[in-house]
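Here is how the chains run, residue by residue.
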Amino acid sequence: SDGIKSKIEQQVWFHRQVARVLYLAKRTKPETLVATAFLATRVTKCDEDDIKKLQRLLKYIRSVRERGIVLKPGCGDVTVTQYIDAAYGVHADGKGHTGSVTIIGDAAVVDAASKKQTIVAKSSTEAELIGVSDSLGKGFHMRRFIIAQGHTVDNVVLYQDNLSTMALLNKGRASSDRTRHIDIRYFWVKERIDNGEVVVKHMRTELMLADILTKPLQGSAFVEERDALTNWPA
């Protein structure tokens, strides 16, 4: 009975700590969102490996407790920019992972998200397309909110690092037999492009702010992308 009680207490502790970390990740430490997103899937079935991963994450958070996000809205016209990226088939069940960053002005990160995709994609292009379809609505909502405050906002700028996905978004149709299976609902973005609500631009992978939200990074790659995402001075 003591063993069962100890295991239940361990699970309760794990669940409570993950919830606390998620609060911090969403507000001041977006670079931890990938790790937190994984740990959140383990709150009802955590094991010793999960606890060690959580302890490593807590150690990192304590070591950078003074870090946060520096907002740089700029002094010009109000703009809304989104970086949306996806990692293909990275989960055990074959599903991909989406990372998205919504920015107002020069570099004011108002939303960062990292989440497992709900369906299985058959290619990296489709995974990117799913990510855009699931996340672009945040940019539209932010644009409408700012307009409602009396500001003039041009179209949402969407940055993508996958040229095949950009071609699909702009054409609004599959370009080959390999992509014809993609459900038509993902081409709702095409209507927004035609209406002038969004423009899609290419961004090199190494400059994609959302890359750090799609997969675990280590060393200098993690530090460089973390600093770019948060604007925190070195």
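Residues numbered from 1 in each chain as written. Predicted model: local features only at pLDDT ≥ 70, side-chain atom pairs only at ≥ 80, totals over all residues. Heavy atoms only, no water.

Moving on, we get to the pattern of salt bridges. The full count for this structure, using the stated rule, is 10 salt bridges. A salt bridge links arginine 42 to aspartate 47, with the shortest nitrogen-to-oxygen separation between them at 3.5 Å. On the basis of relative accessible area, aspartate 47 is assigned to the partly exposed category, the value being 33%. In this structure, aspartate 227 engages arginine 67 in a salt bridge whose closest nitrogen and oxygen atoms are separated by 3.1 Å. Here arginine 67 lies in the loop between α3 (48-63) and β1 (80-87) and aspartate 227 lies in helix α7 (residues 219-230), a separation of 160 residues in the sequence. (Salt bridge = Lys/Arg side-chain N within 4 Å of Asp/Glu carboxyl O. Buried < 20%, exposed > 50% of the residue type's maximum accessible area, 1.4 Å probe, protein only. Helix = DSSP H or I, 4+ residues; strand = E, 2+ residues; numbered from the N terminus.)

Two elements in contact, helix α4 (residues 124-148) and helix α5 (residues 163-171), have axes separated by 8 Å at closest approach and are oriented at 55 degrees. Between α4 and α5, the angle falls in the class oblique. The way α4 lies across α5 gives a crossing that is right-handed. Of the residues in α5, those in contact with Thr125, Glu128, Leu129 and Val132 of α4 are Ser164, Thr165, Leu168 and Leu169. Here the contact of α4 with α5 is built from residues that sort into four nonpolar, three polar and one charged. (Axes fitted to C-alpha atoms, helices over the stretch in contact; angles between N-to-C directions. Parallel < 35°, antiparallel > 145°, perpendicular 65-115°, else oblique. Left-handed = near helix turned anticlockwise from the far one by under 90°. Contact = heavy atoms within 4.5 Å. Nonpolar A, V, L, I, M, F, W, Y, C, P; charged D, E, K, R; others polar.)

In a soluble, globular protein the nonpolar side chains are often hidden away together inside. Counting residues in each nonpolar core, the largest one holds 30 residues, and the members touching the most others are Phe14, Leu54, Tyr83, Val101 and Leu213. Secondary-structure elements contributing two or more residues to this core are α1 (2-27), α2 (33-40), α3, β2 (97-104), β3 (108-116), β4 (156-160) and α7. Among the elements that line this core, the one with the most residues is α3, at six residues. Setting aside residues up to four positions removed in sequence, phenylalanine 14 forms contacts with Leu39, Arg42, Val43, Cys46, Asp50, Ile51 and Leu54. Ile104, Leu136, Leu158 and Met166 belong to the second largest nonpolar core, which has 26 residues in total. (Core = buried A, V, L, I, M, F, W, Y, C linked by side-chain atoms within 4.5 Å.)

Our focus in this paragraph is unusual backbone geometry. Positioned with a positive phi, asparagine 231 is a non-glycine residue whose angle comes to about 65 degrees. On the secondary structure map, asparagine 231 appears in the segment after α7.

So, about the environment of lysine 7. Its place among the elements puts lysine 7 in helix α1. Residue lysine 7 is classed as exposed on the basis of its relative accessible area of 58%. For the pair lysine 7 and alanine 112, spaced 105 residues apart in the sequence, the C-alpha separation amounts to 33 Å.

Turning to the environment of leucine 33, a few remarks are in order. On the secondary structure map, leucine 33 appears in helix α2. Overall, leucine 33 belongs to the buried group, its relative accessible area being 4%. Sequence-wise, leucine 33 and serine 164 are 131 residues apart; in three dimensions their C-alpha atoms are separated by 27 Å. Ignoring anything within four residues of it in the chain, the contact list for leucine 33 reads Ala25, Lys26, Ala112, Ala113, Ser114 and Leu213.

This brings us to the sheet that holds β1. On the basis of which strands lie adjacent, the open sheet formed by five strands has the order β3-β2-β1-β4-β5 and mixed pairing. Edge positions in the sheet fall to β3 and β5 (198-202), since each has one partner strand and no second. Recorded for the sheet is a direction-independent mean angle of 20 degrees between the axes of neighbouring strands. The pairing of β1 with β4 spans three bridges and is parallel. The residue bridging glutamine 82 from the neighbouring strand is leucine 158, located in β4. (Pairing = 2+ DSSP bridges.)

The next point concerns α5. In an α-helix, one full turn covers 3.6 residues, which means residues spaced three or four apart are oriented alike. For α5, the full list of buried residues reads Thr165, Met166, Leu168 and Leu169. Across the axial projection of α5, the buried residues extend over an arc of 160 degrees, all falling on one side. Residues of α5 that are buried sit in contact with α4, β4, α6 (188-194) and β5. Two to three positions downstream of the cap, the backbone nitrogen of serine 164 sits 3.0 Å from a side-chain oxygen, assigning the N-cap of α5 to asparagine 162. In the segment just after α5, glycine 172 is the residue with positive phi, at about 75 degrees. (Arc of directions from axis to C-beta. Polar contact = N/O pair within 3.5 Å; in protein donor to acceptor, adjacent residues only side chain to side chain.)

Function-wise, these values are silent; they only describe arrangement.
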